[in-house]
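Here's the letter readout for the chains.
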Amino acid sequence: MGKATGFMEYKREVPADRLPLERINDWKEFHLHLSEDKQMIQGARCMDCGIPFCHSGILINGAASGCPINNVIPEWNDLIYKGLWEEALKRLLKTNNFPEFTGRVCPAPCEGACTVGINDPQVTIKNNECNIIDRAFANGLIKPAPPTSRTGKTVAVVGSGPAGLACADQLNKLGHTVTVYERADRIGGLLMYGIPNMKIDKEEVVQRRVNLMAEEGIEFITSTEVGKDCSSEELLEKHDALVLCGGATKPRDLPVEGREFSGIHFAMDFLGANTKSLLDGKETPDFISAKNKNVVIIGGGDTGTDCVATSLRHGAKSITQLEIMPMAPLERASDNPWPQWPKIYKMDYGQEEAAAVFGKDPRSFCITTKKFASDTSGQVKEVHTIDVNWEKDAQGRFIPKEIPGTEKVIAADLVILAMGFLGPDDLLLNDLGIERDARSNAKADYGSFKTNTPKVFTAGDMRRGQSLVVWAINEGRGAAAACDQFLMTI
Ligand SMILES: Cc1cc2nc3c(=O)[nH]c(=O)nc-3n(C[C@H](O)[C@H](O)[C@H](O)COP(=O)(O)OP(=O)(O)OC[C@H]3O[C@@H](n4cnc5c(N)ncnc54)[C@H](O)[C@@H]3O)c2cc1C
Ligand code: SF4
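Conventions adopted
Residues numbered from 1 in each chain as written. Chains lettered and ligands numbered in written order. Predicted model: local features only at pLDDT ≥ 70, side-chain atom pairs only at ≥ 80, totals over all residues. Heavy atoms only, no water. Helix = DSSP H or I, 4+ residues; strand = E, 2+ residues; numbered from the N terminus. Contact = heavy atoms within 4.5 Å. Areas by Shrake-Rupley, 256 points an atom, 1.4 Å probe, with all protein chains shown as cover. Expected span 1.5 Å × (residues − 1). Buried < 20%, exposed > 50% of the residue type's maximum accessible area, 1.4 Å probe, protein only. Pairing = 2+ DSSP bridges. Axes fitted to C-alpha atoms, helices over the stretch in contact; angles between N-to-C directions. Near = heavy atom within 4 Å. Nonpolar A, V, L, I, M, F, W, Y, C, P; charged D, E, K, R; others polar. Right-handed = clockwise from strand over helix to strand, strands pointing away. Phe/Tyr/Trp six-rings, centres within 6.5 Å; stacked < 30°, edge-to-face > 60°. Lys NZ or Arg CZ within 6 Å of the ring centre and 35° of its normal.

If you tally the helices and strands in the protein, you get 18 helices and 18 strands. Over its C-alpha atoms, taken along the principal directions, the protein stretches across nearly 70 × 60 × 55 Å. Within the protein, counting contacts between residues at least 6 apart in sequence, those at least 24 apart form 67% of the total. Element-wise, carbon and sulfur atoms account for 53% of the exposed surface of the protein, whose accessible area totals about 21600 Å².

Printed below as a string of structure tokens:
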């Protein structure tokens with residue numbers, strides 16, 4: 001433990017973000033770093049608890065508590081405080097293949113479980129993590145490290161999101177020969193074409209890691225959809241094992257009157273085409289512009305927030321975000337105690353930016369969409385809504401009950417549906433005859449990651465449903481370990 005009294009002496013300090021009114025003029029990352037001295041002091045706030053809940057990574061009521069990849073947080077907090085950055089890096093890389101991803105986009109369930117957080121602001125774990133890896137890259141400490149020998153076994157990983165990348169990285173380090181197949185034209189899954197650039201830079205952060213992995217011997221094949229552009233049977237014949245990490249981005253639709261009008265799009269179509277246009281340096285044919293439009297985003301979660309921030313950067317005329325759930329409380333409710341994930345109201349970066357431009361949080365809570373109306377050409381013009389109350393039904397389940405007299409009409413030229421995801425695409429799983437679980441995800445037990453089809457494993461959102469980057473890394477690593485065990489027996 002670096003400083004026994006650090007948590008009493010020092011206050012939590014996070015770097016100031018770039019100012020909302022400045023950052024909405026570009027697509028650059030908005031988080032900044034603290035100076036080295038200040039970050040070292042943040043490391044001193046760690047109490048090095050006897051039982052460090054921050055790295056436990058367990059599920060409580062369906063939400064993560066502690067770090068899902070079991071980062072040995074107290075160890076590197078201590079090393080940071082002592083200025084031993086290279087040692088901290090070694091500890092961090094033992095559990096996390098891509099700290100530069102999680103250090104930017106992880107919602108940090110570790111901090112929700114930090115013991116200091118019981119009665120004081122928690123340790124800045126996520127920023128500490130990001131600093132360790134960013135300093136390492138800046139100081140040239142991250143170099144390609146290909147395996148010294150090869151096993152002669154080959155694996156195809158389908159899908160290049162964080163699960164596929166973590167799996168490929170682990171298998172390659174063990175000496176297996178890995179090929180990653182990706183249907184998009186760039187590697188990275190939702191790190192590339194989901195989460196917007198201002199949260200994680202595509203060229204400087206995502207592609208930098210992909211280049212490193214390629215230098216370490218992993219082959220990446222893009223613009224190839226397995227099951228369509230190349231047969232999965234062929235892949236099975238060619239390789240000793242397959243790991244399916246295809247994600248779960250089948251969107252939830254809103255089947256109300258007027259859904260067919262033009263100007264109503266799924267969030268992923270809006271966000272994906274936006275990032276591709278940015279990276280290609282020109283608008284793609286499927287680019288959806290929010291410029292000078294009244295934008296209504298249906299869904300108050302993180303994907304909706306990314307749509308708010310993207311619409312602002314296009315120059316939207318107005319932005320409204322509709323959420324059917326009630327607003328979260330300002331502090332933990334009594335049924336949501338530490339070390340659970342804190343379900344509290346927060347203004348995320350997109351809402352902060354919208355508030356700076358339009359003067360208020362764009363979200364309305366406890367509201368549902370009844371129908372869409374259009375002009376004579378079939379272009380959406382209005383969203384008709386009604387407020388709801390969450391009440392218990394006869395079985396004791398909470399259901400939204402409409403409140404008569406609260407009907408509203410919101411002007412809309414662009415409607416974005418960001419209401420979550422239903423599961424993985426069918427093509428690949430059907431092609432390989434993979435059994436599904438009750439939620440239509442690929443069926444495989446956590447730990448074995450084995451599907452019903454011989455030689456085929458699965459991990460990430462494709463197995464657990466839409467989740468988090470850190471869980472995808474956890475699953476990719478787990479599937480690699482299971483696959484390695486299998487490979488070494490054949
Ligand atoms: C808009 C948005 C924002 C998000 N923001 C965050 C965030 O800030 N923090 C966070 O922790 N999580 C966030 N998430 C969730 C997180 O991105 C996912 O949980 C994570 O990326 C899942 O990783 P994965 O590797 O399982 O799948 P994905 O990242 O979805 O990658 C799957 C890849 O497989 C490819 N693929 C699918 N089928 C085939 C096939 N047949 N052949 C070849 N390739 C195929 C897909 O093209 C895709 O590239 C966000 C999700 C969305 C949608
Ligand atoms: S990966 Fe996420 S949960 Fe784990 S230490 Fe980093 S920020 Fe915390």
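Below, the discussion takes up helix 9 (residues 162-173). Helix length check: helix 9 (12 residues) gives 16 Å between terminal C-alpha atoms against 16 Å at 1.5 Å per residue, within 8%. Buried residues dominate helix 9, accounting for 10 of its 12 residues. Every buried residue of helix 9 is listed here: Pro162, Ala163, Gly164, Leu165, Ala166, Cys167, Ala168, Asp169, Leu171 and Asn172. One or two positions beyond helix 9, positive phi appears at Gly175, with a value near 100°.

Moving on, we come to the sheet that holds strand 16 (residues 414-417). Strands sit in the order 8-16-9-10-11 across an open sheet of 5 strands; the sheet is parallel. The open sheet has two edge strands, strand 8 (264-266) and strand 11 (363-364), and neither has a second partner. Of the pairings in the sheet, the one linking strand 9 (residues 294-298) to strand 10 (residues 318-322) comprises 5 bridges and is parallel in character. Following the sheet pairing, Asn294 is matched in strand 10 by Ser318. Along the sheet, helix 13 (residues 267-280) makes contact with strand 8 and strand 16, crossing strand 8 at roughly 75°.

Turning our eyes to something else, we now look at the side chain of Thr310. Residue position: Thr310 is located in helix 14 (residues 302-314). In contact with Thr310, other than residues within four places in its own chain, are Trp27, Pro196, Met198, Phe270, Leu271 and Asn274.

Spatial strand order, 5-4-3-6-18: 5 strands in an open sheet with parallel pairing. Looking at strand neighbours, the two that pair on one side only are strand 5 (219-221) and strand 18 (456-458), the edges of this open sheet. Ignoring strand direction, the axes of neighbouring strands in this sheet form an average angle of 20°. Pairing analysis gives 3 bridges linking strand 4 (residues 177-181) to strand 5, with the strands arranged parallel. Its bridge partner being in strand 5, Thr179 is matched across the sheet by Glu219. With respect to the sheet, helix 18 (residues 469-487) is in contact with strand 3 (154-158), strand 6 (241-244) and strand 18, its orientation differing from that of strand 6 by roughly 170°.

Counting along an α-helix, one turn takes 3.6 residues, and residues three or four places apart therefore face a common direction. Of the positions making up helix 3 (residues 36-44), those classed as buried are Gln39, Met40, Gln42, Gly43 and Ala44. Where helix 3 is buried, its residues contact helix 1 (6-9), helix 4 (73-81), helix 5 (85-95) and helix 8 (125-138).

Near ligand 2 lie 13 residues; those nearest to it are Cys67, Asn71, Cys106, Cys110 and Glu129. Elements with a minimum of two residues in the shell around ligand 2: helix 7 (109-112) and helix 8. Looking at which element gives the most residues to the shell around ligand 2, the answer is helix 8, with 3 residues. Here the residues of the shell around ligand 2 sort into 9 nonpolar, 2 polar and 2 charged.

Time to look at the pairing of strand 4. Where a strand is regular, its side chains alternate between the two sheet faces. Extensive coverage of strand 4 is indicated by the burial of 4 of its 5 residues. Across 5 bridges, the pairing between strand 3 and strand 4 is parallel. Across the sheet, the residue bridging to Val158 is Tyr181, located in strand 4. A crossover links strand 3 with its parallel partner strand 4, the connecting element being helix 9, and its sense is right-handed.

It is worth spelling out the packing of aromatic side chains at this point. Per the stated rule, a full pass over the model turns up 5 aromatic pairs. Taking the ring centre of Trp85 as reference, the NZ or CZ of Arg135 above it sits at 4.4 Å.

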